[in-house]
Amino acid sequence: MSEGSMQRRAQRDRGTPPTSSGQRGRVKRLHRVLVGAAAVPAMLIAAGCSSDSGSDDGKDKAADSSASASASASPSPTVRAAVYKDLPEACDVLSKKTLEDLVPKAKSGKESQSDDISTRAGCSWDSLASKGVDGSQFRWLSVSMLRFESDTTRGAGDELAKDYYDKRVKEVQAAEGAEDTASEPVADTGDEATAVRYDLKKKEGTFKQQTVVARVENVVIALDYNGAGLAGDKAPNADDLMQDAKKAAKEAVKTVTGSKDGKSSGGAAESGSPSKPASSPAPAKD
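Residues numbered from 1 in each chain as written. Predicted model: local features only at pLDDT ≥ 70, side-chain atom pairs only at ≥ 80, totals over all residues. Heavy atoms only, no water.

(A) Molecular detail of the nonpolar core. Membership of the largest hydrophobic core comes to 32 residues, with the highest contact counts inside it found for Leu-94, Trp-125, Leu-141, Met-145, Ile-221 and Leu-223. Those elements that place two or more of their residues in this core are helix H3 (96–102), strand S2 (120–130), strand S3 (136–147), strand S5 (192–202), strand S6 (205–216), strand S7 (219–230) and helix H5 (238–258). A per-element tally of this core places H5 first, with eight residues. The residues contacting Leu-223, other than those within four sequence positions of it, are Leu-94, Leu-141, Ser-142, Val-143, Gln-210, Thr-211, Val-212, Ala-245, Ala-248 and Ala-249. (Core = buried A, V, L, I, M, F, W, Y, C linked by side-chain atoms within 4.5 Å. Buried < 20%, exposed > 50% of the residue type's maximum accessible area, 1.4 Å probe, protein only. Helix = DSSP H or I, 4+ residues; strand = E, 2+ residues; numbered from the N terminus. Contact = heavy atoms within 4.5 Å.)

Structure representation (structure tokens):
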């Protein structure tokens, strides 16, 4: 018996089926296919996770970039610039001739206290013309100016001045102790102006009060003028006082408008302060 025959007999005796080299090759190929098929789902899952992660990062980056671009593209808040950047010298607002007419023989004006004269300024004058035993005539004149600067939070300077102008007129009309109050508009005096008159009785006599409130752009001007006959002298004519007050208010407005270019148009205000940026954003509450 040959060696090959003896090997096949031994295999049959052990119960092991004979295998050829071709069969062994087919088994190995089948094993590789099964292993490869099992690995494909795992690779797909890993690839899917990687793709999702990359997509989220892209969306986040795109959103951040869009938000940043939107923020940079948003314009900064703006507000209309105020026309007048300064105020003239308060005691130089009226000419010498006007002062001689309204407050005869008055001494130099008394300047009002102010933390910032570029936004708030004022001056007053008074005179007493004695007639001996016939009494005397008293006159008092005051000019105050309030300038409003534009502010991105509060609004444009002229709008703020308009609000204050309306408020100031109402305050004058409701003055405590006023009698026979009357109001009227004043033409050719700034952008708008109102004259208010009333009588004010005091122990010294009856005072005839005239107030003209005017606004020119972002500046509000209030001119107060009153007169009284003291020690037995008769009270002055209210119409005459009002005419003088309107004339003085118009002159004060012209002086303020001249300060825009650093020049003053008032007769006594030729040395008015040149315009300059305000040192504070808005005037303090009056």
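(B) How the structure looks around the pattern of salt bridges. Counted according to the given criterion, the structure contains 15 salt bridges. The partner of Asp-233 in a salt bridge is Lys-131, and the shortest N-O contact between them spans 3.3 Å. Taken as a pair, Asp-233 in the loop between S7 and H5 and Lys-131 in the loop between S2 and S3 lie far apart in primary sequence, 102 residues in all. On the accessibility criterion, Asp-233 (13% relative accessible area) is buried. The partly exposed category is assigned to Lys-131, whose relative accessible area is 47%. In this structure, Glu-171 engages Arg-168 in a salt bridge whose closest nitrogen and oxygen atoms are separated by 3.6 Å. Of this pair, Glu-171 and Arg-168 both sit in helix H4 (residues 157–173), three residues apart, roughly one helical turn. Salt bridges sharing common partners tie together Lys-162, Asp-166, Asp-191, Glu-192 and Arg-215. (Salt bridge = Lys/Arg side-chain N within 4 Å of Asp/Glu carboxyl O.)

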